[in-house]
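Here is what each chain is made of, one letter per residue.
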Amino acid sequence: MSLSWSRTTLALAGGLTALTLLTACGGSGAGSEGPVTLTYWGWTKGTRQAVDAFNAAHRDTKVRFEEIPSGTAGGYAKISNAVKAGNAPDLVSVEYPTLPEFVSQGALQDITPYVTPDLKKKLLPQAVRLTTLGGRNWAVPFDAAPQVYYYRKDFFTRHRLEVPQTWAAFRTTAAAVKKADPKARIGTFFPDDPTTFEAMAWQAGAHWFATQGDSWKLDTTDPATRKVTDYWQGLLKDDLVHTHASFSPGWTNSLKSGGTVGYLGASWGAGVLKGTLPDQSGKWAAAPVPSWDGTPASGMLGGSTTAVTKGSRHTEAAVRFATWMSTSADAVRARVASGQSSAYPAAAALRPVARQAFDTRYYGGQDVYALFDAAAASVDATWGWGPATSTTNTTLKDEFGKVARGGGGTGSLAAAVRAGSDATVRELRKRGLKVMGR
């Protein structure tokens, strides 16, 4: 779900030239040097259970898993610091938006020799493209993360509210939710999580990052993005959504108390709600994310891969483990059966396994994986990510926070997005990359 990376990453030439040598730094795996113990850092739900299943089934390779904060909550900084210090683990979780940045910084190994045509055939082609930069493979895709809207079915039924299919209807329903219960809101604008906003821009048809020749082109002032910023600015102005930080105690408590009756999330959000609010089993349902014209459309909100760090001496064994995590029925079954994961595998053959392992009672027996299938099929395949997402998102997080608080800073979401673009351009130029028209 990206641009053609063999073309897009020409602008990463400076970083990639050095990285083509990294394969030689990686050692061979268990097959040639005996038993191997790998270290792995990640945060996605159910990962520990999947690692336990791997260790139980393998003698020659063992994996020590350490759960770290999610990427945007400090996990990426921890990984970057460890790589710089020379004490990084063998493997790390990296979301698709951040992968180009880690590659351009020389933090990951080129694993092209181990990503076979057979492996690629098993995985969602768009996910393979997202992990293919400069014609080389840099990670093994694990899941996709199309947008989904979760809502309190009991609240909607009690107040005779229709589940909105368009963003216009979402606003109307948001006002109706507030009228029905002055303390309740239809959802939350997460000021600390730019990825949710980016998924909405993606869904609307925006294209923030592109390349022309050997130059980057950034565009965050296009009509699609302006439509999204104006829309959410209006919801904030009229107090129709909450502004809790994502997954914070405030957000969780609001869900528990009925102060928040909807969640604009992704496929993995089904497991988040289930694990966070076990007492609300049977009260929640899932629906397609609203679109602008009622036609199914979705962006991607996250989605994870497993990458091998440049310091690993066990490249072959590490890729075998990453491949097992993405293509083994036992891995997906262990992850989803943990009760906290609703991962939507990049490997199409494993989606029935995930569907069977997921306990649907929390959603009243609803087949949420059928919803995920339809959402994934509606994702715009032409969106691409740039090589400085941490700069983009750090700036957006800071500026969105000011807007949500209603004072200081930029004063509007549109200006906040512009500030994120300006900061990204400065960072790209600092790295010696060309930027068109800026």
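The rules behind these values
- The written sequence of each chain sets the order in which its residues are numbered from 1.
- Only residues with pLDDT of 70 or above have their local features reported here, since the model is predicted, and side-chain atom pairs are shown and tallied only from 80 upward, although totals for entire chains, interfaces and linings are computed over all residues.
- In computing side-chain values, all of the structure's heavy atoms are included and hydrogens and water are not.
- Fitting a line to C-alpha atoms yields each axis, with helices limited to the stretch in contact; the angle taken between N-to-C directions then spans 0 to 180 degrees.
- Put simply, DSSP marks the helices as runs of H or I at least four residues long and the strands as runs of E at least two long, and each gets a number from the N terminus on.
- Here roughly perpendicular refers to angles of 65 to 115 degrees, roughly parallel to angles under 35, roughly antiparallel to angles over 145, and oblique to all remaining angles.
- What makes a crossing left-handed is the near helix being turned counterclockwise from the far one by less than a right angle; a clockwise turn instead makes it right-handed.
- Should any heavy atoms of two residues lie within 4.5 Å, those residues are considered in contact.
- Here the nonpolar group is Ala, Val, Leu, Ile, Met, Phe, Trp, Tyr, Cys and Pro; Asp, Glu, Lys and Arg are the charged ones; every other residue, Gly included, is treated as polar.
- Three labels apply to residues, based on accessible area from a 1.4 Å probe with only protein chains included: buried if under 20% of the type maximum, exposed if over 50%, partly exposed otherwise in between.
- Here the aromatic set is Phe, Tyr and Trp, taking the six-membered ring for Trp, and pairing holds for ring centres within 6.5 Å; pairs whose planes are under 30 degrees apart are stacked, those over 60 apart are edge-to-face, and all others are tilted.
- Geometrically, a lysine NZ or arginine CZ counts as sitting over a ring once it is within 6 Å of the ring centre and also within 35 degrees of the ring normal.
- DSSP calls a pair of strands paired once it identifies at least 2 bridges connecting them.

K.L.:
Got a minute to help me understand the packing of helix H4 (residues 47-57) against helix H16 (residues 329-337) in this structure?
P.N.:
Two packed helices can be described by the angle between their axes and the distance between those axes. Here H4 crosses H16 at 140 degrees, and the two axes come no closer than 7 Å. Judged by the inter-axis angle, H4 sits oblique to H16. Judged by the sense of rotation from one axis to the other, the crossing of H4 with H16 is right-handed. Contacts between H4 and H16 involve Thr47, Gln49, Ala50 and Ala53 from the first element and Asp330, Ala331, Ala334 and Arg335 from the second. The residue inventory of the contact of H4 with H16, partitioned by class, reads 4 nonpolar, 2 polar and 2 charged.

K.L.:
How should I be thinking about the side chain of Ser254 in this particular structure?
P.N.:
For Ser254, the position within the fold is in helix H13 (residues 249-257). By relative accessible area, Ser254 is classed as buried at 8%. Leave out the neighbours within four places in its chain, and Ser254 touches His242, His244, Gly259 and Thr260.

K.L.:
Explanation requested: the packing of aromatic side chains in the structure shown.
P.N.:
Aromatic rings considered in pairs are described by the distance between their centres and by the relative angle of their planes. Counted under the stated rule, the structure contains 39 aromatic pairs. Look at Phe54 and Phe321: their rings are 4.9 Å apart centre to centre, the planes differ by 80 degrees, and that puts the pair in the edge-to-face class. You can see Phe54 sitting in helix H4 and its partner Phe321 sitting in helix H15 (residues 315-327), a full 267 residues away along the chain. Residue Phe54 shares its accessibility class with Phe321, and that shared class is buried. The side chain of Arg335 reaches across the aromatic face of Phe142, ending 4.1 Å from its centre.

K.L.:
Mind showing me how you'd approach the sheet that holds strand E9 (residues 209-212) here?
P.N.:
Strands in a sheet are paired, the pairing made by backbone hydrogen bonds, and the direction either parallel or antiparallel. Strand order across the open sheet formed by 3 strands is E9-E10-E15, with mixed pairing between neighbours. With partners counted over all chains shown, the strands left at the sheet margins are E9 and strand E15 (434-435), one partner each. Of the pairings in the sheet, the one linking E9 to strand E10 (residues 215-218) comprises 4 bridges and is antiparallel in character. Each bridged residue has a counterpart across the sheet, and for Phe209 the counterpart in E10 is Leu218.

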